[in-house]
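# Breakdown of the fold
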Amino acid sequence: MGATSVASADGPRDGLEGDATGRGQILLVDDEHSIARAYARTLGAAGFTVETAHDGASAAAATRARKFDVIVSDITMPGMNGLELLRLVREHDLDVPFVLMTGGPAIDSAVRAMEYGALRYLIKPVAPAELEEVVTRAVRLHQMARIKREALEIYRLEGKALGDRAGLEARFAHAMETLWIAYQPIVSWSRRSTFAYEALVRNEEATLRSPPDLFEAAERLGRLQELGRTVRDRVARTLDEQPTSELIFVNLHAMELADDSLIAPDAPLSRHARRVVLEVTERAPLEQIRDVTARVAQLRALGYRIAVDDLGAGYAGLTSFAHLEPEVVKVDMSLIRGIDLSPMKQKLLGSIVGLCRDLGIEIIAEGIETEAERDALVKVGGDLCQGYLFARPDRPWAVTNFGS
Ligand code: C2E
Ligand code: MG
Ligand code: MG
């Protein structure tokens, strides 16, 4: 059973041995002790440090305890075989090269070895020179993979920290210069009419096109409130210049709730407050914002209504309901996608619709892409929808396609 031992050029020894000058750490797994000893001696003589194991379970334990450069394992072993060992190792180490050996080659085990990402499949008896060559190449591959991963990690950390700050500032400035607001209709299906539009920020900086990327950049540069203010001012200007009778939904980043210019009565958007619904995403940790309840009350006093965005996206649960007491709830598209095929999603949405009706809250389903999704929403009692099926976000004021 299970004992592991270490071999060097002198043959197997108990306990672990340092590898300061060695060519790599090898785990050799074979239930036949004499074969394990012979291969360990070959690799030890070639300068590798070898740990041997005689069954899959103790080999798996060894791979969890320390890192190896290569694992060489027999396939046919009592208990856990070599393929099962490979699959188990891959759960926590995607890189370590795995060499499988077998005395009874079979197409299906060779195929499975490749499927699980084995590097080589050797037929026993393996000649010492071949074993040494395969293991040498595998060690080099592993070292290259490690260097590449470390380089990537350094690059990622530097990009996140200061290395890239000047570049990020320039890209963010370009995004702000080219910033514009798209509007996507929110429709009442029963009335075949446009109920409202959601304002969605857009810009022409290729690396910051998606709004979450743009907001992340603003956060890193400490310019979140400036970005939020710019969006709100642009929406206000559009409402001044191109009036519309529909409601306008405007997204708020959680940090904007802490910005005094949001609650200033003379702010450009405040003049349109009675027509504006502010969306607060359920993804934001509202508890971190000081006086959130008082600030929301001030917004209401100005005439704004509040929507909880992305309900069901799996973040704050229903706590945002208590903080915000919203007039509107927007159900996240992850709950809508494929709802026509999922009785579970239909049940969930049905209960949300019922709960909102009891509380006097309007409910909007986001991300409706197909007629089947729209019909499933209507079947559980919903009516207000938003999604590519009706219109994509566009310059004001896009015409809604009600189709059939
Ligand atoms: P959100 O507020 O939930 O907005 C809905 C997102 O879904 C928008 O993505 C919209 O373009 C997209 N969408 C609409 N219908 C469909 C559909 O049928 N299928 C699919 N796959 N997607 C659909 P967008 O514009 O990329 O915005 C992503 C998120 O970024 C928004 O999610 C919102 O949280 C945030 N965001 C966008 N604009 C602003 C803004 O001006 N201010 C703030 N604070 N956040 C914004
Ligand atoms: Mg939204
Ligand atoms: Mg949403």
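Residues numbered from 1 in each chain as written. Chains lettered and ligands numbered in written order. Predicted model: local features only at pLDDT ≥ 70, side-chain atom pairs only at ≥ 80, totals over all residues. Heavy atoms only, no water.

### Concerning the site of ligand 1
Going by this rule: One heavy atom within 4 Å of a molecule or strand is enough for the residue carrying it to be called near that molecule or strand. N or O atoms closer than or at 3.5 Å make up a polar contact, with two conditions inside protein: a donor-capable atom paired with an acceptor-capable one, and, for residues adjacent in sequence, both atoms drawn from side chains. Per-residue accessibility takes into account occlusion by the displayed protein chains alone, with areas from the Shrake-Rupley method and a 1.4 Å probe.
Taken together, 25 residues lie around ligand 1, and Arg202, Asn251, Asp309, Glu369 and Tyr388 are the ones closest in. With respect to ligand 1, the side chain of Gln184 contributes an N or O atom lying 3.1 Å from a nitrogen atom. Note that an oxygen atom of ligand 1 is positioned 3.0 Å from one of the side-chain N or O atoms of Glu198. Calculation on ligand 1 without its partners gives an accessible area of 790 Å², and the protein chains cover 82% of this total.

### Focus: the pairing of strand S12 (residues 305-311)
As a reminder, the rule being used: Categorising residues by exposure relies on relative accessible area from a 1.4 Å probe, with only protein chains included: less than 20% of the type maximum marks a residue as buried, more than 50% marks it as exposed, and the intermediate range marks it as partly exposed. Numbering of helices and strands runs from the N terminus, with a helix taken as a DSSP run of H or I at least four residues long and a strand as a DSSP run of E at least two residues long. By definition, two strands form a pair when at least two bridges between them are found by DSSP.
For S12, a buried count of six out of seven residues is recorded, marking the element as mostly surrounded by other parts of the structure. Bridge analysis of strand S11 (residues 276-281) against S12 gives five bridges, and the strand direction is parallel. Bridge pairing links Thr281 to Asp309 in S12. Note: S12 against strand S13 (residues 328-331), three bridges, orientation parallel. Bridge pairing in S13 places Leu311 opposite Val331.

### Here's the deal with the packing of aromatic side chains
Quick reminder of the rule: Two rings from Phe, Tyr or Trp (for Trp, the six-membered ring) form a pair when their centres are within 6.5 Å of each other. A pair whose planes differ by under 30 degrees is stacked, one over 60 is edge-to-face, and the rest are tilted. Definition used: whenever NZ (Lys) or CZ (Arg) falls within 6 Å of the ring centre and also within 35 degrees of the ring normal, the charge is taken to sit over that ring.
Per the stated rule, a full pass over the model turns up three aromatic pairs. Taken together, the ring pairs in this structure connect Tyr183, Tyr197 and Trp397 into an aromatic cluster. For Arg374, the ring lying beneath its charged end belongs to Trp189, and the centroid distance is 3.9 Å.

### Describing the confidence of the model for the protein chain
Rule in force here: pLDDT is a per-residue confidence score from the predictor, ranging from 0 to 100. In what follows, residue pairs with any heavy atoms lying within 4.5 Å of each other are defined as contacts.
Confidence in the prediction of the protein chain, expressed as mean pLDDT, is 87, and 89% of residues score 70 or more. Contacts of residues 7-20 to residues separated by more than four positions or lying in other chains number 28 contacts, the stretch itself having pLDDT below 50.

### Concerning the coordination of the magnesium ion (ligand 3)
To keep it simple, the criterion reads: The donor set comprises N, O and S atoms within 2.8 Å of the metal, extended to 3.2 Å for Na, K and Ca; water molecules are omitted, so apparent gaps in a site may simply reflect that omission.
Every protein donor of the magnesium ion (ligand 3) is accounted for by Asp309 (OD), Asp310 (OD), Glu366 (OE) and Glu366 (OE), and the metal-donor separations fall at 2.0 to 2.4 Å. Read in sequence order, the donor residues coordinating the magnesium ion (ligand 3) give the pattern D-D-x55-E. Between the magnesium ion (ligand 3) and the magnesium ion (ligand 2) the interatomic distance comes to 4.0 Å, and Asp309 is a ligand of both metals. Here Glu366 lies in the loop between strand S14 (362-365) and helix H14 (371-379) and Asp309 lies in strand S12, a separation of 57 residues in the sequence. Across the pair, exposure class does not vary: Asp309 and Glu366 are buried alike.

### Considerations on the coordination of the magnesium ion (ligand 2)
Those protein atoms acting as donors to the magnesium ion (ligand 2) are Glu198 (OE), Asn251 (OD1), Glu279 (OE) and Asp309 (OD), and they sit at 1.9 to 2.3 Å. For the magnesium ion (ligand 2), the single-chain donor residues occur in sequence as E-x52-N-x27-E-x29-D.

### Thoughts on unusual backbone geometry
The residue after Lys124, namely Pro125, is reached through a cis peptide bond having omega 0°. Along the chain, Pro396 connects to Trp397 via a cis peptide bond; the corresponding omega equals -15°. Turning to its location among the elements, Trp397 is positioned in the segment after strand S15 (384-385). Positive phi, close to 40°, is recorded for Glu325, a residue that is not glycine. Structurally, the position occupied by Glu325 is in the loop between helix H11 (319-324) and S13.

### Examining a nonpolar patch on the surface
What counts here: Patches here are clusters of residues that have more than 30% relative accessible area and form no salt bridge, with a 9 Å joining cutoff for like charges and a 5 Å cutoff for nonpolar side chains (Val, Leu, Ile, Met, Phe, Trp, Tyr). A pairing counts as a salt bridge when a side-chain nitrogen of Lys or Arg comes within 4 Å of a carboxyl oxygen of Asp or Glu.
Residues Leu119, Leu141 and Met144 make up a contiguous nonpolar surface patch of about 270 Å² in total accessible area. Note that Leu119 resides in the loop between helix H4 (107-115) and strand S7 (120-123). Since its relative accessible area comes to 32%, Leu119 is described here as partly exposed.

### Quick word on the nonpolar core
Which entries qualify depends on this criterion: Definition used in this section: a nonpolar core is a set of buried Ala, Val, Leu, Ile, Met, Phe, Trp, Tyr and Cys residues joined via side-chain atoms within 4.5 Å.
Membership of the largest hydrophobic core comes to 67 residues, with the highest contact counts inside it found for Phe172, Leu227, Val235, Leu257 and Leu278. Looking at which element gives the most residues to this core, the answer is helix H8 (residues 224-241), with six residues. Apart from residues no more than four positions distant in its own chain, Leu227 is found in contact with Phe172, Met176, Leu179, Leu214, Phe215 and Ala218.

### Structural notes on the pattern of salt bridges
Evaluated as defined, the whole model comprises 21 salt bridges. In this structure, Lys124 engages Asp30 in a salt bridge whose closest nitrogen and oxygen atoms are separated by 2.8 Å. Placement of Lys124 in the loop between S7 and helix H5 (128-160) and of Asp30 in the loop between strand S3 (25-29) and helix H1 (33-45) is noted, with a sequence separation of 94 residues between them. In terms of burial, Lys124 and Asp30 fall into one category: buried. As a salt-bridge pair, Lys67 and Asp93 come within 3.6 Å of each other at their nearest N and O atoms.

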